[in-house]
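Descriptive analysis of the structure
The residues making up each chain are set out below.
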Amino acid sequence: MDLNEILNKGELSKEEIVFLLNLTSEGDLKALYDKADQVRRLYVGDEVHFRGIINFSNFCEQNCIYCGLREDNFSLSRYRMTPEEIIETAKMISNEGVYTIVLQSGEDSFYDADMISYIIYSIKQNTNLAVTLSIGERRFDEYRAWKIAGADRYLLKHETANEKHYHIYHDRQALHERINHLRFLKQIGYQVASGNLIGLPLQAVEDIADDILLCKELNADMAAFGPFIPAPFTPYKNHKPGSPELTLKTIAAARIVIKDIHLPATTALDSLDKEGREKALLCGANVVMPDFTPHPYREKYLIYPGKRGISDDPLVSHKMIQSRIEAIGRKISASRGDSVKSSYRIV
Ligand code: 5AD
Ligand code: SF4
């Protein structure tokens with residue numbers, strides 16, 4: 001296969017994506033990253049969009065094999081923020097000049113549909129924020145109620161498009177269910193984000209190619225590709241972390257394959273490589289998701305260890321990220337950064 005020919009094709013096959021993910025020489029990687037950077041500029045411009053995260057509860061009723069928040073991790077000290085604390089944090093984020101918040105938690109049914117609706121509605125009444133929910137799989141009528149309350153987006157990573165692996169990683173859930181939820185969310189007007197984990201045990205580059213193609217097929221508005229980091233007190237605690245380089249290749253390949261999509265430079269990548277964010281932004285990424293969870297909750301959202309900025313003051317950490325973005329010559333967006341899909345219209 002010829003690299004230049006592949007980089008200039010309109011549509012890439014699975015085999016061609018695998019070829020990109022297997023590149024190793026410095027020259028080839030530079031060609032891949034430069035092409036992804038070019039496509040990024042053409043389709044989503046030079047602006048970097050912030051999505052301010054509030055991790056409002058670390059209780060989780062799921063037991064994903066790789067995750068530090070899994071229900072069977074009895075060593076984790078659990079917390080829940082009150083609706084008022086969440087709403088106040090959202091207002092603070094809005095005052096910082098961030099235009100999107102992500103309300104994120106483990107799967108925690110303590111927050112019933114009305115409570116989540118109340119939080120969304122209050123935030124929409126008091127700010128101009130776009131509201132993203134990242135609270136796992138819930139009932140379809142709940143998704144509908146939250147859309148009516150004002151939610152704009154839903155983040156629900158498919159984690160792996162390999163059905164067998166999905167079943168091994170998530171003994172209580174099924175891939176086809178996850179895909180049904182993503183399709184339903186999209187159908188009722190949410191902007192949807194999916195994505196995977198890079199470097200999970202059992203994963204092959206062919207699986208990653210399928211993950212990229214699934215995000216394309218779902219017409220996802222955003223896709224998060226972040227490295228797996230082994231977490232203590234989980235069955236995968238002794239496995240090795242995902243490769244930062246393979247993560248960058250995945251982001252670059254996703255940009256070249258999907259083109260009109262938001263791609264975040266993840267905190268997990270930045271936690272493994274001290275220039276992870278810059279590198280991702282230079283090979284296709286255009287979104288950064290700073291953590292605004294206040295102390296003392298912040299340090300308890302331990303999905304994986306060694307999370308960058310976790311012990312810092314949220315505002316200090318955010319300013320640091322801003323200056324790193326400006327240092328590589330990128331602009332910080334002054335808009336909500338809605339979907340860039342041609343099919344998407346704000347209603
Ligand atoms: N390392 C990196 N990311 C993880 N996630 C869960 N566990 C880990 C880990 N050990 C990610 C999953 C999930 C999100 C809540 O965090 O992709 O979607
Ligand atoms: Fe819970 Fe999400 Fe972690 Fe799974 S990945 S255990 S659903 S917080």
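In this report, we go over the structure that sits alongside the text. As the structure is a computational prediction, the values presented were derived from the model and not from experiment.

What counts and how
Residues numbered from 1 in each chain as written. Chains lettered and ligands numbered in written order. Predicted model: local features only at pLDDT ≥ 70, side-chain atom pairs only at ≥ 80, totals over all residues. Heavy atoms only, no water. Pairing = 2+ DSSP bridges. Helix = DSSP H or I, 4+ residues; strand = E, 2+ residues; numbered from the N terminus. Axes fitted to C-alpha atoms, helices over the stretch in contact; angles between N-to-C directions. Contact = heavy atoms within 4.5 Å. Core = buried A, V, L, I, M, F, W, Y, C linked by side-chain atoms within 4.5 Å. Buried < 20%, exposed > 50% of the residue type's maximum accessible area, 1.4 Å probe, protein only. Near = heavy atom within 4 Å. Nonpolar A, V, L, I, M, F, W, Y, C, P; charged D, E, K, R; others polar. Polar contact = N/O pair within 3.5 Å; in protein donor to acceptor, adjacent residues only side chain to side chain. Areas by Shrake-Rupley, 256 points an atom, 1.4 Å probe, with all protein chains shown as cover. Phe/Tyr/Trp six-rings, centres within 6.5 Å; stacked < 30°, edge-to-face > 60°. Lys NZ or Arg CZ within 6 Å of the ring centre and 35° of its normal. Expected span 1.5 Å × (residues − 1).

What follows covers the sheet that holds strand β5 (residues 153–155). Strand pairing in a sheet relies on backbone hydrogen bonds. The paired strands run either parallel or antiparallel. The strand order β2-β3-β4-β5-β6-β7 describes an open sheet built from six strands, whose pairing is parallel. Single-partner strands in this sheet number two, and they are β2 (52–57) and β7 (222–227). Along the sheet, successive strands turn relative to each other by an average axial angle of 20°, direction set aside. As judged from the six bridges shared by strand β6 (residues 191–198) and β7, these two strands associate in the parallel manner. By the bridge assignment for β7, Ser194 is matched with Ala223. Running at roughly 155° to β6, helix α8 (residues 175–187) makes contact with β5 and β6 of the sheet.

So, on to the nonpolar core. Tyr66, Leu103, Leu133 and Trp146 are the most contacted members of the largest nonpolar core, which has 97 residues in total. Top contributing element to this core by residue count: helix α10 (residues 244–258), with nine residues. Setting aside residues no more than four positions away along its own chain, Leu133 makes contact with Leu103, Ile116, Ile120, Trp146, Ala151, Arg153, Tyr154, Leu155 and Tyr190. One finds Leu155, Ala193, Met222 and Val287 within the second-largest nonpolar core, a separate group that totals seven residues.

Another aspect to go through is the site of ligand 2. Every residue near ligand 2 is listed here: Cys60, Gln62, Cys64, Cys67, Leu69, Arg70 and Gly106. In terms of residue class, the shell around ligand 2 is built from four nonpolar, two polar and one charged.

Ordered in space as β8-β1-β9, the three strands form an open sheet in which the pairing is parallel. Across the chains shown, the open sheet's two edge strands, defined by having one partner strand only, are β8 (287–288) and β9 (331–332). Where strand β1 (residues 47–50) meets β8, two bridges bridge the pair, whose relative direction is parallel. Looking across to β8, one finds that Phe50 is bridged to Val288. Across the sheet, helix α13 (residues 314–327) touches β1, β8 and β9, and the angle it forms with β1 is around 165°.

Attention now goes to the site of ligand 1. Near ligand 1 you find Tyr66, Cys67, Lys157, Glu159, Leu197, Pro227, Phe228, Ile229, Ile303 and Tyr304, and these make up its full shell. Here a nitrogen atom of ligand 1 sits 2.7 Å away from a polar atom, N or O, in the main chain of Ile229. Contact with the protein chains hides 83% of the accessible area of ligand 1, taken as 400 Å² for the molecule alone. Looking at the shell around ligand 1, its residues break down into eight nonpolar, no polar and two charged.

Inspection of every chain in the model, using the stated rule, returns 12 aromatic pairs. Relative to Tyr169, the ring of Tyr66 has its centre 6.1 Å away and its plane inclined at 70°; by these criteria the two rings are edge-to-face. Taken as a pair, Tyr66 in the loop between β2 and α4 (83–95) and Tyr169 in helix α7 (residues 163–169) lie far apart in primary sequence, 103 residues in all. Given a relative accessible area of 1%, Tyr169 falls into the buried group. Arranged with centres 6.3 Å apart and planes meeting at 85°, the rings of Tyr169 and Tyr236 form a pair that is edge-to-face. Taken together, the positions of Tyr169 in helix α7 and Tyr236 in the loop between β7 and α10 put the pair 67 residues apart, joining distant regions of the chain. Each residue in the set Phe140, Tyr143, Trp146, Tyr154, Phe184 and Tyr190 is aromatic and connected to the rest through ring pairs, giving one cluster. Residue placement shows Arg80 over the ring face of Phe59; its charged tip is 3.8 Å from the ring centre.

Before going further, it helps to examine unusual backbone geometry. Cis geometry marks the peptide bond from His295 to Pro296, where omega comes out at 5°. In this fold, Pro296 is placed in the loop between β8 and α13. If you check the backbone angles, Glu159 has positive phi at about 70° while not being a glycine. A positive phi angle is found at Leu202, which is not glycine, with a value near 85°. Mapped onto the secondary structure, Leu202 falls in the loop between β6 and α9 (205–217).

A rise of 1.5 Å per residue sets the reference length of α9, with its 13 residues, at 18 Å; its end C-alpha atoms lie 18 Å apart and thus fit the reference within 8%. Of the positions making up α9, those classed as buried are Val205, Asp207, Ile208, Ala209, Asp211, Ile212, Leu214 and Cys215. Phi turns positive, to about 60°, at Asn219, one or two residues after α9.

Attention shifts here to the side chain of His170. When you line up the elements, His170 lands in the loop between α7 and α8. Residue His170 is classed as buried on the basis of its relative accessible area of 2%. Of the polar contacts made by the side chain of His170, one reaches the side chain of Tyr66; its length is 2.7 Å. Aside from chain neighbours lying at most four places away, what touches His170 is Cys64, Tyr66 and Glu159.

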